Amino acid sequence: MIAPSDRTPLPRKFFDRPVLEVAPGLLGRVLVRTTPDGPIAVRITEVEAYDGMNDPGSHAYRGRTPRNDVMFGPPGHVYVYFTYGMWFCMNLVCGPEGTASAVLLRAGEIIEGAELARKRRLSARNDRELAKGPARLATALGVDRALDGTDACATGQTLLRIVTGTPAPYDQVRNGPRTGVAGDGGNGDIHPWRFWIADDPTVSPYRAHVPRRRRS
């Protein structure tokens, strides 16, 4: 459960900063998803930073499109995308409006509403796997494109909200290459922009990019 002292919503100014400051600062924070059946809360344990049009790994690298439009909007909003024809992943937009930087939420620990998350993640072998990976996290919370553009910093009733939680200690934060990113964007020497909490069992395993083969 989230302690009352940890339920304070993160202010928009938290997100109105460079993505490489926001990303590690999100570790230990809590995302709350409100559903008709009750709330589900996840403590964030792994993220990746994407620096908009400066970053070859970013969806916004080649400019604005209908798909990535939310990334160019105000900080603190949720960017949801559909991938591989079957999964949704969610990001939190940061930096000044127009910069299109965002933080992908890669993994977390379900700390409230686990019984609801289990119904969505029937293949999970245990609760550590409920949100272990970006698509699993979105599935556990019931996040899809209908929530694209949601203001996670809004007050009052909202479907998604990011709250203070307990930030990860600086000496527990690790970083390395981003998972499954091709080319320079996946080069850990250039973009070591995946951040995680050391030794946390909910962090997803690193996988290098593997080119997809086209069916003949």
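What counts, and where the lines are drawn
- Sequence positions are assigned chain by chain, starting from 1 and proceeding in written order.
- Only residues with pLDDT of 70 or above have their local features reported here, since the model is predicted, and side-chain atom pairs are shown and tallied only from 80 upward, although totals for entire chains, interfaces and linings are computed over all residues.
- The basis for every side-chain value is the complete set of non-hydrogen atoms in the structure, without hydrogens or water.
- Secondary structure elements are defined from DSSP: runs of H or I of at least 4 residues count as helices, runs of E of at least 2 residues count as strands, and each element is numbered from the N terminus.
- Throughout, the radius of gyration refers to the C-alpha atoms, and the reference size of a globule is 2.2 Å times the residue count to the power 0.38.
- For the exposure calls, accessible area comes from a 1.4 Å probe over protein chains only, and a residue counts as buried if that area is under 20% of its type's maximum, exposed if over 50%, partly exposed in between.
- Should any heavy atoms of two residues lie within 4.5 Å, those residues are counted as being in contact.
- Note on areas: Shrake-Rupley with a 1.4 Å probe; residue coverage comes only from the protein chains shown.
- Here a polar contact means two N or O atoms within 3.5 Å. Within protein one must be a hydrogen donor candidate and the other an acceptor candidate, and residues neighboring in sequence count only if both atoms are side-chain atoms.
- Any carboxyl oxygen of Asp or Glu that lies within 4 Å of a side-chain nitrogen of Lys or Arg is treated as forming a salt bridge with it.

Trainee: Can you explain the overall build of the protein chain? Please cite residues and give values.
Mentor: Each helix and strand in the protein chain was counted, giving 4 helices and 8 strands. Taken from N to C terminus, the helices and strands of the protein chain fall in the order α-α-β-β-β-β-β-α-α-β-β-β. Here the protein chain has a C-alpha radius of gyration of 16 Å; the compact-globule value for 216 residues is 17 Å, and the two agree. The principal-axis extent of the C-alpha atoms belonging to the protein chain is close to 45 × 40 × 35 Å. Buried positions account for 51% of the 216 residues belonging to the protein chain. Partitioning the contacts of the protein chain with sequence separation of at least 6, the portion at a separation of at least 24 is 63%. Surface exposure of the protein chain reaches about 10800 Å², of which carbon and sulfur atoms provide 51%.

Trainee: Residues and numbers for unusual backbone geometry, please.
Mentor: Unusually for a residue other than glycine, A100 sits at a positive phi of about 65°. Residue placement: A100 occurs in the loop between β4 (87–94) and β5 (101–112). Relative accessible area serves as the criterion here: at 0%, A100 is assigned to the buried category. Phi angles above zero are rare outside glycine, and D199 is one such case at about 65°. Topologically, D199 is positioned in the segment after β8 (194–197).

Trainee: Tell me about the side chain of E46, residues and numbers included.
Mentor: Structurally, the position occupied by E46 is in strand β2 (residues 38–51). Judged by its relative accessible area of 0%, E46 falls in the buried class. Among the polar contacts listed, one links the side chain of E46 to the side chain of S204, at a separation of 2.7 Å.

Trainee: Give me the pattern of salt bridges: which residues, what numbers.
Mentor: Overall, the coordinates contain 13 salt bridges when judged by the stated rule. D151 is the partner of R12 in a salt bridge, and the nearest nitrogen-oxygen pair spans 2.7 Å. Taken together, the residues span a long stretch of sequence, with R12 in helix α1 (residues 12–15) and D151 in the loop between α4 (134–141) and β6 (160–163) at a distance of 139 residues. Its relative accessible area of 31% is what places R12 among the partly exposed residues. Between E21 and R17 there is a salt bridge, with the nearest N and O atoms lying 3.8 Å from each other. Salt bridges linked by common partners bring E46, E48, R106 and R194 together as one network.

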